Amino acid sequence: MAIASAKMPSMSSQAFGSPVSGDRRSSFARSTVHCRRKVGSDVRLRRSAMVNSIFNDITTNLEVKPTDAEVRKAMQPADPKSVVSIILGGGAGTRLFPLTQKRAKPAVPVGGCYRLIDIPVSNCLNSGIKKIYILTQFNSQSLNRHIAHTYNFGNGLNFDNGFVEILAATQTPGEFGKRWFQGTADAVRQFIWMFEDFKMRGIENVLILSGDHLYRMDYMDFIQKHKESNADISVSCLTMDDSRASDFGLVKVDKDMRITRFLEKPKGDDLKRMQIKASVLRLIGEENPEKNQYIASMGIYVFKTDVLLKLLRFECPWANDFGSEVIPTAAREYKVQAYLFKDYWEDIGTIKSFFDANLSLTDQAPKFCFYDPSKPIFTSPRFLPPTRIENCRVVDSIISDGSFLSACSVEHSIVGIRARLESGVELKDTMMLGADFYQTEEERADLLNMGQVPVGIGENSKIRNCIIDKNARIGRNVVLMNTDNVQEADRPKLGFYIRSGITVVYKNSMIPDGTMI
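Calculation criteria
- Residues numbered from 1 in each chain as written.
- Predicted model: local features only at pLDDT ≥ 70, side-chain atom pairs only at ≥ 80, totals over all residues.
- Heavy atoms only, no water.
- Pairing = 2+ DSSP bridges.
- Helix = DSSP H or I, 4+ residues; strand = E, 2+ residues; numbered from the N terminus.
- Buried < 20%, exposed > 50% of the residue type's maximum accessible area, 1.4 Å probe, protein only.
- Contact = heavy atoms within 4.5 Å.
- Phe/Tyr/Trp six-rings, centres within 6.5 Å; stacked < 30°, edge-to-face > 60°.
- Lys NZ or Arg CZ within 6 Å of the ring centre and 35° of its normal.
- pLDDT = per-residue confidence, 0-100.

A. Seen up close, the pairing of strand E26 (residues 488-491). Bridge count between E26 and strand E27 (residues 496-499): 4 bridges; the pairing is antiparallel. Bridge pairing links Glu488 to Arg499 in E27. Where E26 folds back on E27, the antiparallel hairpin that results is connected by 4 residues, among which Gly495 adopts a positive phi of roughly 95°.

Below, the structure is given as structure tokens:
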């Protein structure tokens, strides 16, 4: 530090070999001050770097690493008994209206004789997970009845104390106890008082599922990856192209599949910023990285139990939704991993996706198939008689139990339980949900004699590109084809709605003889 001493000007004067003028002395003094500041700054930088180096060494040495016992535990197979599943079914189902006009979304029929709720419940049972809660809020009566009839485990005697229970929105004491579910996370939070005893019951992980997806998945494989990665939260994801990416929550991941960013339904520039580099996609096994440039959340999550409780109660008490609020917030502080699912999965939460996914079941080689004896999809045992088909033409279609088809044509369609198609009916590209009850031949004859319409489709009616809900009464010589290609229309007084160009005849409605749409 001698260079910064007060004697510097006289030393510099002798060095230059000539007297130093006032201006030059002033200039030299300024340069000396500048030099002193620069050198002082360099010293401070060197000291700071030294301190940072020492600090990094200390933190590296103090870093908490898993013990051998913890590593061995993580590598052990996950126990289904340590998992509880929560299926979210409390939404109003507005995107599936009018199918949700008189039923909860998870109770909407699918595949001819199943309900949407049967998909996640069956996946749980096939995965060995037998502690299942279903959160509901709107129009839950039919869902409650279906659950009670289908998944009665005999008070836990037959399934290792397993259960499928409905948790309906209810009022509780307190400031927020009188409000409905505000979102997926809020629905779970409102029952947090019950979930807090999971640790005492040996529950290590909570599996969060949606009730409007069509897929078959071994959840224990998902949970095993969650366990092996020592993740706090895991999100099941799939790769996707840009045609539908903006409809989903998108994630960005590093080479270890740790989620670095989560953005719910991004648009425009935000969507472009969520693209994944082709090199990263190849690294994680994507076969078509040039096309599928996005990784989308499936709305399926695994939380460590203590992490879920901590987030909902203390760290995100304001958050109502898992996808748009809890997961993005948690990704900043917790280890949130992506699990890449590579099998068939479809969100059927809209009329269009619901219609397309159902009709795809009739393909020669469908992407999803209910006929898998090793992993069956369970539903209510109705004990219906076989379907009776008389002089009919049936092509690439599914005909459910207990139906009556007489001298009609059915092509690329699904016919639900207890359906009735009279002679001359032409059904094409249509999903018919069937009926909840039978009408005797005498009852049907009396209705026809009185000029009324019995349940089913009357003689010589032509149906195209339709969804016909349960107990609908379609008269004789009716034409439902939407020949004008109307995309959206509300005609409740006439018995139907049009959504995305698909005519939806709502439940218990009646279409008079000779109607043409």
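B. Representation of the side chain of Thr100 in the model. Here Thr100 lies in the loop between strand E1 (83-89) and strand E2 (109-110). Residue classification places Thr100 among the buried positions, given a relative accessible area of 5%. Those residues in contact with Thr100 that lie beyond four places of it in its chain are Ala92, Gly93, Lys105, Val108 and Asn139.

C. Representation of the packing of aromatic side chains in the model. This model, assessed by the stated rule, comprises 13 aromatic pairs. Ring geometry for Phe97 and Tyr497: centres 5.2 Å apart, planes at 80°, overall edge-to-face. In this pair, Phe97 sits in the loop between E1 and E2 while Tyr497 sits in strand E27, placing the two residues 400 residues apart along the sequence. Considering the side-chain rings of Phe404 and Tyr438, the 6.1 Å spacing of their centres and the 80° angle between planes classify their relative orientation as edge-to-face. Residue Phe404 is found in strand E17 (residues 404-406), and its partner Tyr438 is found in the loop between strand E21 (426-434) and helix H14 (441-449); the two are separated by 34 residues along the sequence. Among the aromatic residues, ring-to-ring pairing joins Tyr114, Tyr344, Phe368 and Phe370 into one connected group. For Arg418, the ring lying beneath its charged end belongs to Tyr438, and the centroid distance is 6.0 Å.

D. Representation of the confidence of the model for the protein chain. When pLDDT is averaged across the protein chain, the result is 83; 80% of the residues are at 70 or more. Low pLDDT, under 50, characterises residues 1-64; the predicted model gives this stretch 15 contacts beyond four residues in sequence or across chains.

E. A look at unusual backbone geometry. In this chain, Phe97 is followed by Pro98 through a cis amide linkage whose omega measures 10°. Summarising the element assignment, Pro98 is placed in the loop between E1 and E2. Here the phi dihedral of Met257 falls at roughly 65°; this positive angle occurs in a residue that is not glycine. On the secondary structure map, Met257 appears in the loop between strand E9 (249-253) and strand E10 (259-264). Positive phi values are uncommon outside glycine, yet Asp396 reaches one of about 45°.

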